[in-house]
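# Close look at the chain arrangement
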Amino acid sequence: MAYRSTIDLVSSNGTTYASADEFVTTHGPCGTANEAFVTDSSITLLEDGSGVRVVMTYEDEATATAHRASSENAYDSLANLTNTVVSNETV
């Protein structure tokens, strides 16, 4: 069964963004472009512009876990952001 992770990435230093594209220009695709793990994804601007909601769908939970493990030291571009897991669910 497919597995979906939803995460909010929010600026911890008061930065606001005009669009999800502006956020991605600053911080990169936040794992969404990693086709070795992710089967579908989206990045949308939060209503207040403080960050984005990232939704990534995987083949299964094991693939999501492997993606997180492979990314543990790859978050330099996410400095000054807080990471809040909204949900992890089988879909």
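Structure: see above.
The numbering scheme is per chain: residues are counted from 1 as the chain's sequence reads. Selection of residues for local features in this predicted model requires a pLDDT of at least 70, selection of side-chain atom pairs for listing and counting requires 80 or more, and totals for whole chains, interfaces and linings are taken over all residues. Side-chain calculation: all heavy atoms of the structure are included, whereas hydrogens and water are not.

As for its placement among the helices and strands, His67 is situated in helix α2 (residues 61-70). For the exposure calls, accessible area comes from a 1.4 Å probe over protein chains only, and a residue counts as buried if that area is under 20% of its type's maximum, exposed if over 50%, partly exposed in between. Assessed through its relative accessible area of 4%, His67 is described here as buried. Excluding its chain neighbours within four sequence positions, the residues that come into contact with His67 are Gly31, Asn34, Phe37, Val38, Met56 and Tyr58. The numbering of helices and of strands both runs from the N terminus, where a helix is a DSSP run of H or I of at least 4 residues and a strand a run of E of at least 2. Residue contacts follow a heavy-atom distance rule, with two residues in contact if any of their heavy atoms lie within 4.5 Å.

This brings us to the pattern of salt bridges. We define a salt bridge as a side-chain nitrogen of Lys or Arg found within 4 Å of a carboxyl oxygen belonging to Asp or Glu. As enumerated under the stated definition, the model contains two salt bridges in all. Measuring nitrogen to oxygen at the nearest pair gives 3.7 Å for the salt bridge that ties Glu89 to Arg4. Residue Glu89 is found in strand β4 (residues 81-90), and its partner Arg4 is found in strand β1 (residues 3-11); the two are separated by 85 residues along the sequence. Note on Arg4: relative accessible area 27%, which makes it partly exposed. With its nearest N and O atoms 2.7 Å apart, the salt bridge here joins Asp8 to Arg53.

Okay, the pairing of β1 next. Remember that side chains alternate between the two faces of the sheet whenever the strand is regular. Taking burial as the measure, the nine residues of β1 include seven buried ones, the bulk of the element. Any two strands with at least two DSSP-identified bridges between them are counted as paired. As judged from the eight bridges shared by β1 and strand β3 (residues 51-58), these two strands associate in the antiparallel manner. Looking across to β3, one finds that Tyr3 is bridged to Tyr58.

As summarised here, the arrangement of the four strands in space is β2-β3-β1-β4, forming an open sheet in which the pairing is antiparallel. Each edge of the open sheet carries a strand with a single partner, namely β2 (38-45) and β4. Averaged over all pairs of adjacent strands, the angle between their axes in this sheet comes to 15°, without regard to strand direction. Running at roughly 110° to β2, helix α1 (residues 20-27) makes contact with β1, β2, β3 and β4 of the sheet. Across the sheet, α2 touches β1, β2, β3 and β4, and the angle it forms with β3 is around 130°. What counts as an axis is a line fitted to C-alpha atoms, over the stretch in contact for a helix, and the angles between N-to-C directions run from 0 to 180 degrees.

The next point concerns the nonpolar core. Grouped together as the largest cluster of nonpolar side chains are 15 residues, with contacts concentrated most on Leu9, Phe23, Val52, Val54, Met56 and Tyr58. For this core, the secondary-structure elements that each account for two or more residues are β1, α1 and β3. Counting residues per element, this core draws most heavily on β3, which supplies four residues. What we call a nonpolar core is a set of buried Ala, Val, Leu, Ile, Met, Phe, Trp, Tyr and Cys residues that are connected through their side-chain atoms within 4.5 Å.

Moving on: α1. Helical geometry: 3.6 residues make up each α-helical turn, so side chains three or four residues apart lie on a common side. Of the residues making up α1, those classed as buried are Ala20, Phe23 and His27. Each buried residue of α1 sits inside an arc of 60° when the element is viewed along its axis, so together they form one side. Among the exposed residues of α1, those pointing more than 90 degrees away from its buried face are Asp21 and Thr25. Residues of α1 that are buried in the fold lie against β1, β2, β3 and β4. At the exit of α1 stands Gly28, carrying a positive phi of roughly 85°. The directions from the helix axis to the C-beta atoms form the arc being described.

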